Amino acid sequence: EKLGVCLVGLGNYSTTILAPALQLTEHCQLTGIVTGSPEKVPVWQERYDIPDKNVYNYQNMDGIADNPDIDVIYIVLPTGLHAEYAIKAANTGKHVWCEKPMAKTASECQSIMDACAKNKVKLSIGYRMQHEPNTQQLIQWAKTKPFGNIEKVKAEVGFNIVNPPNNWRMDAELGGGLLYDVGVYVINAMRYTTGLEPISVNGHHENTRPEVYKEVPETSIFEIDFPSGIKAKGKTTAAQSINILRIDCEKGWYELQPFQSYRGVKGKASNGTLLDTYIENQQAKQMDDDALAILNNTNVLVPGEDGMKDIIIVEAINESAKTGRTVKLS
Ligand code: NAD
């Protein structure tokens, strides 16, 4: 059985990654689109054989409620628009998949979860790494502790961005910069590799190009304290190419490098164990996992709560950067 998926927002990620990945899934089928760009419609209709009755815009997407071809609405819009459209999606009575970062604020995240609960639909956040097998090994090791207790976590993602995009990612309201865009991978990794929730956050921003990074930070550096004395250090930056997740334990260590790329996630442990399981397409696996949770009525792997916890921490990092103080989390 296949679920009909409707993509909302036909930007880069939908066009180059999700739509092709949907063709590789076992349990999903791209049946609908929501777009504000009429010129994209014929291209998508022809490429993916989408009938007129399954094409919507942002004004009429409520009509999806009556469309039996669509089971899931996948929000792939700028972060600042996730809440508005994920809530609209939930109100159609269809299941909701929402890209990361879940939303701009924790209260927006809560309203997405409330709308999904009220409409009794499932909500999954598009954290593809949690569906990736090498990452899943690290999540397992948080429980089995093959190298003893975890002492330190380091997670850093950066790109050497010479010409930053002139788009929503650089906008404080719609995007929030790299701390949102890739910071949620860093924070999510700290949480899934420890299996714990943080106690306190301390962070600051650095900016070597204030004329370019006017609204959003160029670099964010943060330390997060977890229970049992575990110290996590994180970084997101537009000034340096970096992509590492390293866990130091009492009796050894393990790391993935890169840990959040679309392909080639790999790493090793101090005892020589290689972390190099290959999968053809992360997003196809993510969407099949999420489809099976709907078809079998089981828990989704990445629920709204998980997405919201990361946004609480992003907000705490920004607060700490502003006040210069450590922010305690309850
Ligand atoms: P993009 O800029 O390429 O596409 C955004 C789309 O939203 C465009 O089609 C644009 O027309 C549309 N849009 C509608 N209203 C808009 C408005 N008011 N302002 C700007 N654009 C508007 O962005 P993208 O890279 O496709 O990212 C979309 C979402 O997907 C984001 O939430 C992003 O974080 C997420 N994403 C996730 C991954 C991943 O690996 N999981 C990778 C890339 C992007």
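Residues numbered from 1 in each chain as written. Predicted model: local features only at pLDDT ≥ 70, side-chain atom pairs only at ≥ 80, totals over all residues. Heavy atoms only, no water.

Colleague: Help me out: how do you make sense of the packing of aromatic side chains in this one?
Modeller: The relation between two aromatic rings is expressed through the spacing of the ring centres and the mutual angle of the planes. Enumeration over the complete set of coordinates arrives at seven aromatic pairs. Ring plane angle 50 degrees and centroid distance 5.5 Å describe the contact between W44 and Y48, whose orientation is recorded as tilted. Taken as a pair, W44 and Y48 lie in helix α2 (residues 40-48) at a separation of four residues, close to a single helical turn. This pair shows no difference in class: W44 is buried, exactly as Y48 is. Relative to W97, the ring of Y74 has its centre 5.6 Å away and its plane inclined at 85 degrees; by these criteria the two rings are edge-to-face. Of this pair, Y74 sits in strand β4 (residues 72-75) while W97 sits in strand β5 (residues 95-98), and the two are 23 residues apart along the sequence. Y74 gets classed as buried once you look at its relative accessible area, which sits at 1%. Ring pairs connect the aromatic residues W141, F147 and Y254, which therefore count as one cluster. Stacked on the ring of Y180, the Lys or Arg K104 has its end atom at 5.0 Å from the ring centre. Above the plane of the ring of W253 lies R246, whose end atom (NZ or CZ) is 4.4 Å from the centre. (Phe/Tyr/Trp six-rings, centres within 6.5 Å; stacked < 30°, edge-to-face > 60°. Helix = DSSP H or I, 4+ residues; strand = E, 2+ residues; numbered from the N terminus. Buried < 20%, exposed > 50% of the residue type's maximum accessible area, 1.4 Å probe, protein only. Lys NZ or Arg CZ within 6 Å of the ring centre and 35° of its normal.)

Colleague: What exactly am I supposed to notice about the sheet that holds strand β7 (residues 150-160) here?
Modeller: The strands that make up a sheet are held in pairs by hydrogen bonds between backbone atoms, and each pair lies either parallel or antiparallel. With mixed pairing, the nine strands of this open sheet are ordered in space as β14-β13-β12-β11-β7-β10-β9-β8-β15. Lying at the two open borders of the sheet, with one neighbouring strand each, are β14 (274-275) and β15 (327-328). As judged from the two bridges shared by strand β13 (residues 267-269) and β14, these two strands associate in the antiparallel manner. Within the sheet, the bridge partner assigned to G267 lies in β14 and is L275. Against the sheet, helix α9 (residues 304-323) engages β8 (200-206), β9 (219-225) and β15, with an angle of about 65 degrees to β8. (Pairing = 2+ DSSP bridges. Contact = heavy atoms within 4.5 Å. Axes fitted to C-alpha atoms, helices over the stretch in contact; angles between N-to-C directions.)

Colleague: Even after reading the chapter, I still don't get the domain arrangement of the protein chain, so can you show me in this structure?
Modeller: Put simply, an interface is often sized by how much accessible area is lost when its parts join up. Partitioning the protein chain into structural domains gives domain 1 (3-125) and domain 2 (129-279 + 310-328). Between domain 1 and domain 2, the C-alpha centre-to-centre distance is 27 Å. Listed as interface residues are 14 residues of domain 1 and, on the opposing side, 14 residues of domain 2. Interface area, domain 1 with domain 2, both sides summed: about 1100 Å², of which 65% is carbon and sulfur. Across the domain 1-domain 2 interface, the total number found is seven residue pairs in polar contact (both at pLDDT 80 or more). (Domains from an automatic or database assignment. Buried area = accessible area lost by both parts, 1.4 Å probe. Polar contact = N/O pair within 3.5 Å; in protein donor to acceptor, adjacent residues only side chain to side chain.)

Colleague: Even after reading the chapter, I still don't get the pattern of salt bridges, so can you show me in this structure?
Modeller: Counting across every chain of the model gives 13 salt bridges. The closest approach of N and O atoms between R246 and D248, which form a salt bridge, is 3.0 Å. Since its relative accessible area comes to 19%, D248 is described here as buried. Each of R191, E197, D306, K309 and D310 takes part in salt bridges that share partners, so that together they form one network. (Salt bridge = Lys/Arg side-chain N within 4 Å of Asp/Glu carboxyl O.)

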